[in-house]
Amino acid sequence: MLRRRVYGADHDDPDPGPRPGHVYGELVGGPLDGLLLDVTGWSGPRLTEEARLPTEIGRYGAGGRAHYRRRADDPRRWDWSGDSP
């Protein structure tokens, strides 16, 4: 079975997958679809906020951000809500 890649892991990391003892959400849709977001230690209020994740592969290229919100009915998944410069 393929191990999932964690958002922010270095491209040359020999093990870019999830780490034991960490909590992850799956990014769904948009440019980061399928990656895992490490939310270990995030507070309850922080988990309800939109995650604005820097990425070069979104609509705005280098310097752009992909926005994701946690699903109310499935908090393990974070849905893409758009990109911003």
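In the block above lies the structure referred to throughout.
Residues numbered from 1 in each chain as written. Predicted model: local features only at pLDDT ≥ 70, side-chain atom pairs only at ≥ 80, totals over all residues. Heavy atoms only, no water.

Caption draft 1: Inspection of the pattern of salt bridges at higher detail. Under the definition given, this model contains ten salt bridges. The partner of D15 in a salt bridge is R19, and the shortest N-O contact between them spans 3.5 Å. Exposure remark for R19: the relative accessible area of 36% places this residue in the partly exposed category. R77 is paired through a salt bridge with D74; the nearest N and O atoms lie 3.0 Å apart. (Salt bridge = Lys/Arg side-chain N within 4 Å of Asp/Glu carboxyl O. Buried < 20%, exposed > 50% of the residue type's maximum accessible area, 1.4 Å probe, protein only.)

Caption draft 2: Molecular detail of the packing of aromatic side chains. One pass over the full model with this rule turns up one aromatic pair. Look at W42 and W78: their rings are 5.8 Å apart centre to centre, the planes differ by 90°, and that puts the pair in the edge-to-face class. With W42 in the loop between β2 (36-38) and α1 (44-48) and W78 in strand β5 (residues 77-84), this pair connects stretches of sequence that are 36 residues apart. Overall, the relative accessible area of 24% leaves W42 in the partly exposed class. Above the ring of W42, the side-chain terminus of R46 is found at 4.1 Å from the ring centroid. (Phe/Tyr/Trp six-rings, centres within 6.5 Å; stacked < 30°, edge-to-face > 60°. Helix = DSSP H or I, 4+ residues; strand = E, 2+ residues; numbered from the N terminus. Lys NZ or Arg CZ within 6 Å of the ring centre and 35° of its normal.)

Caption draft 3: The arrangement of the pairing of strand β1 (residues 24-28) in detail. Counting buried residues in β1 gives four out of five residues, a clear majority hidden from the surface. Looking at chain direction, β1 and β2 are connected through three bridges and run antiparallel. Residue pairing in the sheet places Y24 in a bridge with D38 of β2. One ladder, built from three bridges, connects β1 with β5; its direction is parallel. Looking at β5, one finds that L27 is bridged to W78. (Pairing = 2+ DSSP bridges.)

Caption draft 4: Highlighting the nonpolar core. Counting eleven residues, the largest nonpolar core is built from L27, L32, L35, L37, V39, L47, A51, L53, A66, Y68 and W78. Only β3 (51-55) and β4 (64-70) provide two or more residues apiece to this core. If we skip the residues at most four places from it in the chain, L53 touches Y7, L27, L32, L37, G64, R65, A66 and Y68. (Core = buried A, V, L, I, M, F, W, Y, C linked by side-chain atoms within 4.5 Å. Contact = heavy atoms within 4.5 Å.)

Caption draft 5: Representation of the sheet that holds β5. A sheet is described by the order of its strands in space; here five strands give the open sequence β2-β1-β5-β4-β3, paired in mixed fashion. The sheet is open, and its two borders are formed by β2 and β3, each paired with just one other strand. When the angles between neighbouring strand axes are averaged without regard to direction, this sheet yields 40°. (Axes fitted to C-alpha atoms, helices over the stretch in contact; angles between N-to-C directions.)

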